[in-house]
Amino acid sequence: MNDDGVPGRPPAPPPAPPAPGRVRVTAPRSKDRLVIGSTTVSQEVAEQSAVGEVMVRSLIRSQLRLALVVTAGFVAALLICWMAVRWVPAFAEWRILGIPAPWLMLGAGVYPIIGASAWLYVRAATRNEDRYRDLVDCK
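Model, not experiment: these values are computed from the prediction.

**Q** Any chance you could explain the overall build of the protein here in plain terms?
**A** The secondary structure content of the protein amounts to five helices and two strands. When the helices and strands of the protein are listed from N to C terminus, the series reads α-α-α-β-β-α-α. Here the protein holds 139 residues, and 19% of them are scored as buried. Counting every atom, the protein has about 11600 Å² of accessible surface; 64% of that belongs to carbon and sulfur.

**Q** Explain helix α2 (residues 50–87) here, please?
**A** Since the α-helix packs 3.6 residues into each turn, any two residues three or four apart lie on the same face. If you check α2, its first and last C-alpha atoms are 54 Å apart, about what 38 residues at 1.5 Å a residue would give, namely 56 Å. For α2, the set of buried residues is Gly 52, Met 55, Leu 59, Ser 62, Gln 63, Leu 66, Val 70, Cys 81 and Val 85.

**Q** Help me understand the pattern of salt bridges, please; the structure alone is not making it clear to me.
**A** Enumeration according to the criterion identifies two salt bridges in this entry. Here Arg 57 ties to Glu 53 by a salt bridge, and the two come within 3.8 Å at their closest N and O atoms. Here the residue Arg 57 and the residue Glu 53 both occupy positions in helix α2, the gap between them amounting to four residues, near one helical turn. Its relative accessible area of 44% is what places Arg 57 among the partly exposed residues. Here Arg 133 makes a salt bridge to Asp 130, at a shortest N to O gap of 2.9 Å. Of this pair, Arg 133 and Asp 130 both sit in helix α5 (residues 110–137), separated by three residues, roughly a single helical turn. Look at Arg 133 and you get partly exposed, because its relative accessible area is 43%.

**Q** Got a minute to help me understand the packing of aromatic side chains in this structure?
**A** Describing an aromatic ring pair means giving the distance of the ring centres and the angle of the ring planes. The tally for this structure, following the rule as stated, stands at two aromatic pairs. Taking 5.3 Å as the distance between ring centres and 70° as the angle between the ring planes, the aromatic pair formed by Phe 91 and Trp 94 counts as edge-to-face. Using a relative accessible area of 12% as the deciding quantity, one classes Phe 91 as buried.

**Q** I'm lost on the nonpolar core in this one. Help?
**A** In a soluble, globular protein the nonpolar side chains are often hidden away together inside. Cys 81, Val 85, Phe 91, Ala 101, Met 105 and Ile 113 together form the largest nonpolar core, which totals six residues. With residues up to four places along the chain from it excluded, the contact list for Met 105 reads Cys 81, Ala 84, Val 85, Phe 91 and Val 110.

**Q** Would you mind showing me how to read unusual backbone geometry here?
**A** Generally, phi is negative for residues other than glycine and the peptide bonds are trans, each holding for most cases. One non-glycine residue, Leu 97, adopts positive backbone phi at about 55°. If you trace the backbone, Leu 97 turns up in the loop between β1 (95–96) and β2 (99–100). Taking the relative accessible area as the measure of exposure, Leu 97 reaches 85% and is therefore exposed.

What counts, and at which threshold
- Residues numbered from 1 in each chain as written.
- Predicted model: local features only at pLDDT ≥ 70, side-chain atom pairs only at ≥ 80, totals over all residues.
- Heavy atoms only, no water.
- Helix = DSSP H or I, 4+ residues; strand = E, 2+ residues; numbered from the N terminus.
- Buried < 20%, exposed > 50% of the residue type's maximum accessible area, 1.4 Å probe, protein only.
- Areas by Shrake-Rupley, 256 points an atom, 1.4 Å probe, with all protein chains shown as cover.
- Expected span 1.5 Å × (residues − 1).
- Salt bridge = Lys/Arg side-chain N within 4 Å of Asp/Glu carboxyl O.
- Phe/Tyr/Trp six-rings, centres within 6.5 Å; stacked < 30°, edge-to-face > 60°.
- Core = buried A, V, L, I, M, F, W, Y, C linked by side-chain atoms within 4.5 Å.
- Contact = heavy atoms within 4.5 Å.

If you want it as structure tokens, here you go:
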């Protein structure tokens, strides 16, 4: 009997070691050589180098500036509404469908201002991001 437990059969040979693969080593091609200074802006951003950090910081600053401008415009619009209610006595006495006009203006008239501010912000933020993307994708 052999190791397999089958009588009359010779034992199985041990597995052969794997043959070493052939490795071909060549010199780099001259036309594929990396030229110093040929990195793109997107590579700089991806590698988080100094140039990439400057680009990202610039985008963040432009988005912050936009947010502050839109917020200032929104607050100014609210202040104008409040001043109209506070300092124009004739306006305080108007009634629309039995509801005082100041209540309507401050209660319902603010929502179009909010919507317009949001629409302007999204539009300008998208434009900032598109400019940044165009700059980064530029080679």
